[in-house]
Amino acid sequence: MDELDPLIHAQARLRIMSTLAAIDADSSMSFPRLQEMLDMTAGNLSTHLRKLEDGAYVLVTKTHRGRTPVTYLELTTVGRRAFEDYMTGLRAMLGGATGTGTA
């Protein structure tokens, strides 16, 4: 069995990837919104995003809304595929569990 992608496997990066994978492929999320959703400090989130960006999994777009700088984040095609492969590998490792059971 192949190992899980170590770039995604770190808890914080898995949370980032999961959140960004939940939005449409042609959509992005602002940095403050992702930070709020994940309850992470700006520095911690930035550090993990940089690793994902260096791995070509996340696209970071910096722009302005009026005079205010805004950063948008989205999964790249490579990142979305890596996340899908990660989830497939995780399910296989767990014996095909889908997580659709009720508590």
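The structure under discussion appears in the preceding block.
Attention in this report is confined to the structure presented alongside it. If you're wondering where the values come from, they're calculated on a predicted model, not measured in any experiment.

With respect to the element layout, T71 can be found in strand β3 (residues 68–75). The residues touching T71, leaving out its near neighbours within four places in the chain, are M29, S30, F31, V60, T61 and K62.

Attention now moves to the environment of A12. Tracing the chain through its elements places A12 in helix α2 (residues 11–21). Along the chain, A12 and R33 lie 21 residues apart, while their C-alpha atoms are 15 Å from each other. Ignoring anything within four residues of it in the chain, the contact list for A12 reads M40 and H48.

Attention now moves to the sheet that holds β3. The three strands are arranged β1-β3-β2 in an open sheet whose pairing can be described as antiparallel. Strand pairing shows two members of the sheet lacking a second neighbour, β1 (29–30) and β2 (58–65), which therefore form its edges. When β1 meets β3, the two strands line up antiparallel, connected through two bridges. Its bridge partner lying in β3, S30 is registered against Y72. Running at roughly 90° to β3, α2 makes contact with β1, β2 and β3 of the sheet.

For side chains of opposite charge, pairing can occur when their charged atoms come near one another. Enumeration over the complete set of coordinates arrives at three salt bridges. For E36, the salt bridge goes to R33, with nearest N and O atoms at 3.8 Å. A residue pair is termed a helical-turn pair when its members lie 3 or 4 positions apart in one helix, as E36 and R33 do in helix α3 (residues 31–38) at three residues. The exposed category is assigned to E36, whose relative accessible area is 57%. A salt bridge links R50 to E53; the shortest N-O distance between them is 4.0 Å. You can see R50 and its partner E53 sitting in helix α4 (residues 42–54), three residues apart, about one turn around the helix. Under the relative-accessibility criterion, E53 is labelled partly exposed at 31%.

Right, let's talk about α2 for a bit. When we look at burial in α2, the residues that qualify are A12, R13, I16, M17, T19 and L20. Around the axis of α2, the buried residues are gathered within 165° of arc, so they sit on the same side.

Reading the values: rules and limits
Residues numbered from 1 in each chain as written. Predicted model: local features only at pLDDT ≥ 70, side-chain atom pairs only at ≥ 80, totals over all residues. Heavy atoms only, no water. Helix = DSSP H or I, 4+ residues; strand = E, 2+ residues; numbered from the N terminus. Contact = heavy atoms within 4.5 Å. Pairing = 2+ DSSP bridges. Axes fitted to C-alpha atoms, helices over the stretch in contact; angles between N-to-C directions. Salt bridge = Lys/Arg side-chain N within 4 Å of Asp/Glu carboxyl O. Buried < 20%, exposed > 50% of the residue type's maximum accessible area, 1.4 Å probe, protein only. Arc of directions from axis to C-beta.

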